[in-house]
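Coordinate analysis (summary)
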6 protein chains.
Amino acid sequence: MVYATRRETFSAAHRLYNPKFTDEENARIFGKCSNPNWHGHNYTLEVVVAGEIDPETGYVLDLKELKGIIIEYVIKHVDHKNLNTETEFMKGLIPTAENITIAIWNQLVNKIPKGKLFSVKIFETENNYFEYKGE
Amino acid sequence: MVYATRRETFSAAHRLYNPKFTDEENARIFGKCSNPNWHGHNYTLEVVVAGEIDPETGYVLDLKELKGIIIEYVIKHVDHKNLNTETEFMKGLIPTAENITIAIWNQLVNKIPKGKLFSVKIFETENNYFEYKGE
Amino acid sequence: MVYATRRETFSAAHRLYNPKFTDEENARIFGKCSNPNWHGHNYTLEVVVAGEIDPETGYVLDLKELKGIIIEYVIKHVDHKNLNTETEFMKGLIPTAENITIAIWNQLVNKIPKGKLFSVKIFETENNYFEYKGE
Amino acid sequence: MVYATRRETFSAAHRLYNPKFTDEENARIFGKCSNPNWHGHNYTLEVVVAGEIDPETGYVLDLKELKGIIIEYVIKHVDHKNLNTETEFMKGLIPTAENITIAIWNQLVNKIPKGKLFSVKIFETENNYFEYKGE
Amino acid sequence: MVYATRRETFSAAHRLYNPKFTDEENARIFGKCSNPNWHGHNYTLEVVVAGEIDPETGYVLDLKELKGIIIEYVIKHVDHKNLNTETEFMKGLIPTAENITIAIWNQLVNKIPKGKLFSVKIFETENNYFEYKGE
Amino acid sequence: MVYATRRETFSAAHRLYNPKFTDEENARIFGKCSNPNWHGHNYTLEVVVAGEIDPETGYVLDLKELKGIIIEYVIKHVDHKNLNTETEFMKGLIPTAENITIAIWNQLVNKIPKGKLFSVKIFETENNYFEYKGE
């Protein structure tokens, strides 16, 4: 079992906002992250696939193929987008990095051609990152 | 003459948009960077001050003091803000990294307590960065 | 279950020294790391908390709150300190990165407001790092 | 149980090529990675050893000793080498990063003086990395 | 005048070898870098263009356009290639990073659509990098 | 003219302290950096040599030779040392990164075998770095 990781990046706008809360509550709970005029980040995404090595190729899976899948099902939907209003797969979710991580897992889990999706990591800043393993 | 550099980071939303252009022209010239629903970045800022070493302190200037100045005159105005609509010192400018770099220079050039402002650098993504030296 | 990581840094002095050993033994076992005049490092600390996402906030826990806890219970006690003589929670321990990692775990394990402490990592240099998971 | 990691780097040439395949098949499956005139990488290797802390030293194991073992059994055989033709422990293997990771595990697993080999990671580019844990 | 930098990466094989020297001289002068079976690197390239900001766009030049030029005139000729035998613009040159840096400058200097080429940097390893400014 | 850079690292202890000042003044001016029990850093050093390429070798100078010179005249004197009390070439200087940068310049300026020393940079933390060019 080898764990193969592909890294991609995207840049997006968001705000943390729960429509159940008043504006004052949103401001108190989320602070500057709730700015109604938006802010944004350069996100780094790491997708880890676990599997056996195919002896014909020496690959768990072709990472160029994995890259294409990540672009099709994730990057196209988030890069240079507003995560609150434009990303279909984030609809109804507060776009915290935690929720983004799980939503990306859900986008990818049935699309992996060989091996199994093992982990999705999102680095939101150089000081904050998040991982989800489907558990 | 020693060049002393202080690094800070901020996260902001923006879009590239020139009000003189039609929406079609903005979309053609700026591509996905002109998305009307915004996107954003983690920006890294490097401020370089050139000066003689003060023999009493061994410092060109106290970088803790420089940090305070950068926060007061730059970071407070851009971090978790919308650079198109909320940052006073960017008013009337297309918020490209190039223009942000010069605008930050203008914010800081008269605030340096010792030595002289030598350079301002903005890293917009891991692949794109910009420097201005007041020339 | 999402794993949320907060990164902080600190700079400290230390020497590797076991009082049970003679000076010659300390020098032989620890080499230049046992220099009696001290040396130091920029340490990077990563604290990982595992938990369920709170649907009200989209957070495992508020990382700003976690940051405050790390500063209060760890950073204040180690940053710009001598780990052998000044850090109460390292008393009686040889300040290897391994022991620092466990001592920081012990400082934090009962202070996590939501979720559970999952891992503490210390990067001592760009080539050496250490992780403890409470096992 | 603490996980102690040592990082080393090496630079090598390789090509992805399965002698069972025709040249056309190799080109189709491996693309530019199959260039018969070779290409190469700066590889980063991380070796993780898991073990109890020795109370006499505060170490899981002496990382200087681990470094020596990695150099002797791995780096000398791969640094500034051709992984297809010169590295004995890669003979008969397609030199994908996946296969390199397992081959390095096999080189090291019986050489660890204290604790147990827990993981071997190879970073082939800034976007692709691989881990093997002996499972 | 703003300095705009675009970063790209490529992976290539090479050996340091001067055909005027005997094999023994090549081995003595270049050491392991002269291995006749090749080795390789992940190279990082930074291209700096200096120019005035166009007030219509806020750009010195469109970095997407610069990226396309770098790919066309540089990356296509070096990525997953053998720099000694396959790269036309390195013909007759010992493929040291110094010579690569100047050769890339010569490839690009007349292709910059706005502003002027100011600097080309090549990072060969994490410890060695090189810059050429056309002087 | 090519600028060739070699990067090295070292770890050292220091405190900022001017013997002309009272303890209170040292504490006020230098803050936690003046802790009498020391603290320390992982320093990164970059040495830049400017010169013409030797057509016989393709080198400005052999960076392995430069590495040896940096180790002999700098690293041996600072790595795992106390910069206030043990480093001969820092005697009489407050060991700020500014003064370290100039002192390293002075150690190296007459030792460069080909080309000329162009710049010495010291990174003291990820947020603070310093450069000296002999001007």
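Predicted model, so just to flag it, every value in this text is computed and none were measured. (Residues numbered from 1 in each chain as written. Chains lettered and ligands numbered in written order. Predicted model: local features only at pLDDT ≥ 70, side-chain atom pairs only at ≥ 80, totals over all residues. Heavy atoms only, no water.)

The next subject is the overall build of chain A. In terms of helices and strands, chain A carries three helices and five strands. N-terminal to C-terminal, the α/β element order of chain A is β-α-β-α-β-α-β-β. Its C-alpha atoms give chain A principal-axis dimensions of roughly 60 × 25 × 25 Å. For chain A, with 135 residues in total, the buried portion stands at 60%. Of all intrachain contacts in chain A linking residues separated by at least 6 positions in sequence, the fraction that spans at least 24 positions is 66%. Placing the 16 positive and 19 negative side-chain charges of chain A at their respective mean positions leaves the two points 1 Å apart. (Helix = DSSP H or I, 4+ residues; strand = E, 2+ residues; numbered from the N terminus. Buried < 20%, exposed > 50% of the residue type's maximum accessible area, 1.4 Å probe, protein only. Contact = heavy atoms within 4.5 Å. Lys, Arg positive; Asp, Glu negative; His and termini not counted. Charge placed at Lys NZ, Arg CZ, Asp CG, Glu CD.)

Within the largest apolar cluster, 100 residues are counted, with the highest numbers of intra-cluster contacts made by L45 of chain A, L45 of chain C together with L45 of chain D. Beyond its immediate chain neighbours, meaning those up to four positions away, L45 of chain A contacts R6, R7, E8, F10, I70, V74, I75, I104, V120, K121 and I122 of chain A. Residues I122 of chain E together with F10, I100 and V120 of chain F belong to the second largest nonpolar core, which totals 99 residues. (Core = buried A, V, L, I, M, F, W, Y, C linked by side-chain atoms within 4.5 Å.)

For the pair chain B and chain A, the best superposition has an RMSD of 0.0 Å and corresponds to a rotation of 180° with a translation of 0.0 Å parallel to the axis. Read as a symmetry element, the transformation amounts to a two-fold axis. (Least-squares fit on C-alpha atoms with pLDDT ≥ 70 in both.)

This brings us to the interface of chain A and chain C. With 20 residues of chain A at the interface, the matching set in chain C holds 20 residues. Taken together, the two surfaces of chain A and chain C that pack against each other cover about 1,800 Å², and 46% of this comes from carbon and sulfur. Where chain A packs against chain C, one counts one salt bridge. Seen at the junction of chain A and chain C, the total is 12 residue pairs in polar contact (both at pLDDT 80 or more). At the level of secondary structure, the elements contributing two or more residues to the side of chain A that touches chain C comprise α1 (23-30), α3 (97-108) and β5 (128-132) of chain A. In terms of residue count, the dominant contributor to the side of chain A that touches chain C is β5 of chain A (five residues). Looking at the side of chain A that touches chain C, its residues break down into nine nonpolar, five polar and six charged. (Buried area = accessible area lost by both parts, 1.4 Å probe. Salt bridge = Lys/Arg side-chain N within 4 Å of Asp/Glu carboxyl O. Polar contact = N/O pair within 3.5 Å; in protein donor to acceptor, adjacent residues only side chain to side chain. Nonpolar A, V, L, I, M, F, W, Y, C, P; charged D, E, K, R; others polar.)

Another point: the pattern of salt bridges. All names here are of chain E. Scanning the entire structure with this criterion turns up 49 salt bridges over all chains. The residue R6 makes a salt bridge to E8 at a minimum N-O spacing of 2.8 Å. As far as burial versus exposure is concerned, R6 and E8 are alike and both buried.

What follows is about the interface of chain B and chain A. Each side of the interface is counted separately: chain B has 23 residues, and chain A has 23 residues. Roughly 1,700 Å² of surface becomes buried between chain B and chain A when both sides are summed, with 43% attributable to carbon and sulfur atoms. As a salt-bridge pair, E126 of chain B and R7 of chain A come within 2.8 Å of each other at their nearest N and O atoms. Applying the counting rule to chain B against chain A returns 21 residue pairs in polar contact (both at pLDDT 80 or more). Within the residue set of the side of chain B that touches chain A, elements represented by two or more residues are β1 (2-14), β2 (39-51) and β3 (81-82) of chain B. Looking at which element gives the most residues to the side of chain B that touches chain A, the answer is β1 of chain B, with five residues.

Turning next to the confidence of the model for chain A. In this model, chain A carries an average pLDDT of 98, and 100% of its residues clear a pLDDT of 70 or more. The complex prediction reports pTM at 0.98, with the ipTM value standing at 0.97. (pLDDT = per-residue confidence, 0-100.)

Attention now moves to helix α2 (residues 63-78) of chain E. Helix geometry: α2 of chain E is bent most strongly at I71 of chain E, by close to 45°. Against β5 (128-132) of chain B together with β1 (2-14), β2 (39-51), β3 (81-82) and α3 (97-108) of chain E lie the buried residues of α2 of chain E. H80 of chain E sits one or two positions beyond α2 of chain E and adopts a positive phi of about 60°. (Bend = angle between axes of the 7 residues up to and from the residue.)

One finds no contact between chain B and chain C; the C-alpha atoms of the two approach each other to within 14 Å at their closest. There is a gap between chain A and chain E: no contact, and a shortest C-alpha distance of 14 Å.

The next subject is the packing of α2 of chain E against α3 of chain E. Residue and element names in this part refer to chain E. Across the interface, α2 lies against α3 with an axial gap of 10 Å and an inter-helix angle of 120°. What the angle tells us is that α2 and α3 run oblique. Seen from above, α2 lies across α3 with right-handed handedness. In contact with I69, I70, Y73 and V74 of α2, α3 contributes I104, Q107 and L108. Along the lines of polarity and charge, the residues of the contact of α2 with α3 split into six nonpolar, one polar and no charged. (Axes fitted to C-alpha atoms, helices over the stretch in contact; angles between N-to-C directions. Parallel < 35°, antiparallel > 145°, perpendicular 65-115°, else oblique. Left-handed = near helix turned anticlockwise from the far one by under 90°.)

Before going further, it helps to examine the relation of the copies chain A and chain C. Its rotation angle being 120°, the transformation that places chain A on chain C also includes 0.0 Å of axial translation and leaves an RMSD of 0.0 Å. Within this description, the copies of the chain are treated as partners about a three-fold rotation axis. It is E126 of chain A whose C-alpha, among those of chain A, lies nearest the rotation axis, at 9.2 Å.

Considering the arrangement of structural elements, one finds P113 of chain F in the loop between α3 (97-108) and β4 (116-123). Counting along the chain gives 51 residues from P113 of chain F to D62 of chain F, while the straight-line C-alpha distance between them is 9.2 Å.

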